[in-house]
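Tertiary structure, described
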Amino acid sequence: MDIKGKFKSFIDKQKISLKAPTSPVQNADFVTLDDFEGRTAVTPQVFRKGSALNEHMLTPEAEQAVIDSIEKIYFESENVEVSEHELQKFPEVIDIHFINGTRSRLRKQQAIVSRRVSDLIMQKQGMCSEEMERVTELQKEIIKEVGLCVEGRKKLALGRSQFTSASLGILANYSKRQKIASVIRSLRMIRTLQMTDVQLQSLLKAEDYPGAIQLLLECQKAAATFKHFTCISELSTKLQDTLEGAEEQLDVALAKVASNFNSGNYEKLQTAYGLLGKTQTLMDQLHMHLTSHIHNSAFTIVLGYVELYNTANGGNGSVGGSSYSKLQYSELCKNVNEESFLPCLLDLSRCMWNVLRSYKSIIAWHESDKRSLPRADTPEHCNDSEMENHCRYTKQKLEHGLYRIWQDVQAKVRTFILASDLSHFKFDDFLRILDVINKLIDVGESFCGSRSETLRESIKKQSLNYFRNHHRARMEELHMFLENEGWEPCPVKSTFSIYQLMEFRFLRGRDGVFNKIATPNSSPIKRLGNGTEKIDIFEVYGEESSPFEITSEEAMEEDIMANGDAGRPLNLIDEDSDDDVPDELKGDFVDEQTGEPPQQQHQKRKIDHSKVPIVTNTALTILRLIGKYIQMMRLLQPIAFDVMISLSHLFDYYLYSVFTFFGPSGVQEQELGHLRSPLKRIQDTLIINLEDSPDEPQDHEKVQSPSLSPVVDTTSAESIYGLPVRVVAVESLIFLAHQLEALLPHIEPLIPQQRRTFLHQFYSATVKVTAEIRYHVYSTVAAQVIDYDAIQNRMTSVRWDINDLMSQHSQYVDVLLRQLQVLSMRLEEVSRVSPIPSEAYKALWECIVKKTNQMLLEGFAGARRCTNEGRSLMQLDYQQFLMKLECLTSVRPLPDRHLVETYIKAYYLPEGALEDWIQQNLSDYTPRQLTALVATMTHISKRTRQKVGALIEDGGKKL
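Calculation criteria
Residues numbered from 1 in each chain as written. Predicted model: local features only at pLDDT ≥ 70, side-chain atom pairs only at ≥ 80, totals over all residues. Heavy atoms only, no water. Buried < 20%, exposed > 50% of the residue type's maximum accessible area, 1.4 Å probe, protein only. Helix = DSSP H or I, 4+ residues; strand = E, 2+ residues; numbered from the N terminus. Arc of directions from axis to C-beta. Disulfide = S-S within 2.5 Å. Salt bridge = Lys/Arg side-chain N within 4 Å of Asp/Glu carboxyl O. Patch = residues over 30% accessible without salt bridge, like charges linked within 9 Å, V, L, I, M, F, W, Y side chains within 5 Å. Areas by Shrake-Rupley, 256 points an atom, 1.4 Å probe, with all protein chains shown as cover. Lys, Arg positive; Asp, Glu negative; His and termini not counted. Charge placed at Lys NZ, Arg CZ, Asp CG, Glu CD. Phe/Tyr/Trp six-rings, centres within 6.5 Å; stacked < 30°, edge-to-face > 60°. Axes fitted to C-alpha atoms, helices over the stretch in contact; angles between N-to-C directions. Parallel < 35°, antiparallel > 145°, perpendicular 65-115°, else oblique. Left-handed = near helix turned anticlockwise from the far one by under 90°. Contact = heavy atoms within 4.5 Å. Nonpolar A, V, L, I, M, F, W, Y, C, P; charged D, E, K, R; others polar.

Quick look at helix H30 (residues 911–920) now. Among all positions in H30, only Leu-914, Trp-917 and Ile-918 are buried. Viewed along the axis of H30, the buried residues span an arc of 100°, placing them on a single side of the element. Facing away from the buried side of H30 by over 90 degrees, the exposed positions are Gly-912 and Gln-920.

As structure tokens, then:
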């Protein structure tokens, strides 16, 4: 055995000896047996202890150094084999010195550690004593508690022996009772669950959807609690089927609410879907039902009208052998005939209105009282964040649905309109169609702010084509009316106004709620002219009415014709009153031959021409057309300018016809004044030129020039050369012009801003100068009622070169005045039959006076020789004429009076002032009149005469 093995054997023996109980050895040495190669080393214990103590009496620094040299393995608390550790350090060849050195080192380390531990124990001895005392006290307390436990156990044993049997019996019975009560409750719940189906059907039938859903949910919760029962498991499946059926009924009820909103039912549905946790599903289903209802309702309405009118006309309710119900909506709309188009459009619009109104009511329901916020019926598991998301989803869904639903409505109406040919419709029916579309567009704008471009574009092209064809037909009718017009006044009431005509009633505010259809690229015009915001159309009409109802006003008949006011005939002449007759006219008139007063006196008539407007049947027809055209402009803004042009054609054609029929023929353009430009424009743009080649393309807007009816006599002296018909024609034209001026505030807003130049030119250059036609028409009468040639011949026989001035005026003055007096009486007689307004009288007398003054100027200019006395005679004659003329007419001032007086007095001009006077009056007198004046002036020199003659000749060329 090697040395390592021996040491290990020795160490193991030491361990065994330490474990074995040994008796204390007193007064004897402790002997350690070491076996080294069969030798026994016996060392006295005392000697070894002493040597160890003496060996390790070191300084504190040395002791600390020894302690620091101890390996860490000796300080570990786990079971560490330190002997094995030390043996591992032995070299392969071991001598006694290495062993003794190692042993000495270990002994020294042990001794120093033992002393240090002993010192620490001695330092803590007091604390150890105190702790031992506490341990002793704790031991006493534990002994006391053990005694208490023993006594308690004894008493428990006594109670167990005395009460166990009775208590266990009572507890067993109570437990059995509790189990039986639980079974009874379960049986009752099972019976209640089995009877749920009947109660559910009763609640659903009563439309108590929240109660039904609440009951179903409670039943499902109870079924989940008692699912361990076999019957309850089967019942759960049945409850799930019942819940699905209830959801289907909820969906059916939601479809009804979508088409006809009811706040009570909708609130129940909201609560029911909220209990199911499907509020978002409700909004999706609602929009689906709205879309479905729009499509189905539109198809059903159109199908009903198609089948109704097809059956009424002898059809079999099918097309091509197949049922109409199998057609697509677009194809079905093509089978709507003209008679049923408007009623079908109205029903379709009312149906769409109900859908839109229901949707608006749904939005209002969610906005009012904050109904979209969490309520008591909200599921408990929904937190604030989820409810906020739900409210946001509902709001967004409703807002997005506005435009989508309107697009569906718009598409259905657009398809219906484009499927039919509107060109053959009556104008009133077409206006009604436009009115309906206009209202529908207004509804769309109020519903979602949409401009409804689809509807606008769909109606624009058809309206333009329709109107052009319609206007062409109306112009041809107007041509026929004018050729057959008798130019008699239409017997309208004294209170007649164009607003009494059916065609103008829309201007009285009935349709003021709606806007016109604006052009796609322009902003819509406000409904109210004072800048206030438009009223929501859904607020104007209640739940029972709609903007598409036919009002009773449309069926009313207009009452504009006079039927003998107060039992009197239509007569404007008051024969019993002469309050307004001048005193001069109450006297005798001068006899044209003898100068003596006649035996019969004539009184001036009194005319109240302001009572009844003068209007012909043709003018009344034009007024009606104008009213319809303005309606078209209001209802369809995109073609408003085209309609305005056509409206101007109506007035232009009437103006041109009146001038052609009753105006002067062969008149020079410069003599027409302000009428020259409009008449030329009408001639070039509206009237067909018969001289054009037939091969040239014809302008469809042009019409033939009308011809005066042969029954109208404008050449008879008895009728004062057609004065009554001329008055009726002219005054009706002027009345028409006044009405157009009154309608300008209604027309101008309808014309686009960039196109209003035409409107202003039309009014300024045509309408406002229409009154001038009086002078052109009445001048034709004025040129024939007096025999100007005869009077001028009488003036040529008068000698103007007299030397003595007589007090008597010339005879031609009496002849002229007599003819004027006779004319005045004839005008009175004519006015008894046909009214002549004061404006017409004034214009006629102005024309007569102007024509007479021109004739007198020519007569005075015909004097070859004249003296100062002859010039005075001219003045006497003219003053006599003026004095009597002022008694015959109330025209003031007399036209051209200053021309005649200035011409007579110019004879007395000195030679130096004559040239300036000629230059200033070149435009007022003809060259012949000026030349004749200079020729009779004997007080000027030949040189001046030649100079003035050259000046007159140059001025005539310029003119």
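That shown, we press on.
Further remarks concern the state of the cysteines. A complete count under the given rule lists zero disulfides for this structure. The thiol of Cys-344 is unpaired, and the distance to the nearest cysteine sulfur, on Cys-333, comes to 7.2 Å. Its relative accessible area of 0% is what places Cys-344 among the buried residues.

For the structure shown, the criterion picks out 26 salt bridges. For Asp-435, the salt bridge identified is with Lys-439, shortest N-O distance 3.3 Å. Residue Asp-435 and its partner Lys-439 are located together in helix H15 (residues 427–448), separated by four residues, close to a single helical turn. Like Asp-435, the residue Lys-439 is buried in the burial classification. Residues joined in a network through salt bridges with shared partners are Glu-71, Glu-86, Lys-89 and Arg-105.

A cluster of acidic residues, Glu-130, Glu-133, Glu-137, Glu-141 and Glu-145, forms a negative patch at the surface. In this structure, Glu-137 sits in helix H6 (residues 125–194). Here Glu-137 falls in the exposed class, since its relative accessible area comes to 53%.

Taken as a whole and assessed by the stated rule, the structure comprises 27 aromatic pairs. A centroid spacing of 4.7 Å and a plane angle of 15° characterise the contact between Phe-341 and Phe-416, whose relative ring orientation is stacked. Pair noted here: Phe-341 is in helix H13 (residues 338–367) and Phe-416 is in helix H14 (residues 384–418), with a separation of 75 residues, a long-range link. Accessibility assignment for this pair places Phe-341 and Phe-416 in one class, buried.

What follows deals with the side chain of Thr-291. Structurally, Thr-291 can be placed in helix H11 (residues 279–312). Residue Thr-291 is classed as buried on the basis of its relative accessible area of 17%.

In this section: the packing of H15 against helix H16 (residues 453–484). Contact geometry for H15 and H16: axes closest at 12 Å, N-to-C directions at 160°. Here H15 lies roughly antiparallel to H16, going by the angle between them. Along this stretch, H15 crosses H16, giving a crossing that reads as left-handed. Between H15, through Phe-427, Phe-430, Leu-434, Leu-440 and Ile-441, and H16, the contact on the second element is made entirely by Leu-455, Arg-456, Ile-459, Ser-463, Tyr-466, Phe-467 and His-470. Residue composition of the contact of H15 with H16, grouped by class: nine nonpolar, two polar and one charged.

Looking now at the environment of Leu-672. Here Leu-672 lies in the loop between helix H20 (640–662) and helix H21 (676–685). The spacing of Leu-672 and Glu-772 is 100 residues in sequence and 8.9 Å in space, taken between C-alpha atoms. Among residues more than four places away in sequence, those in contact with Leu-672 are Phe-659, Val-667, Leu-679, Glu-772 and His-776.

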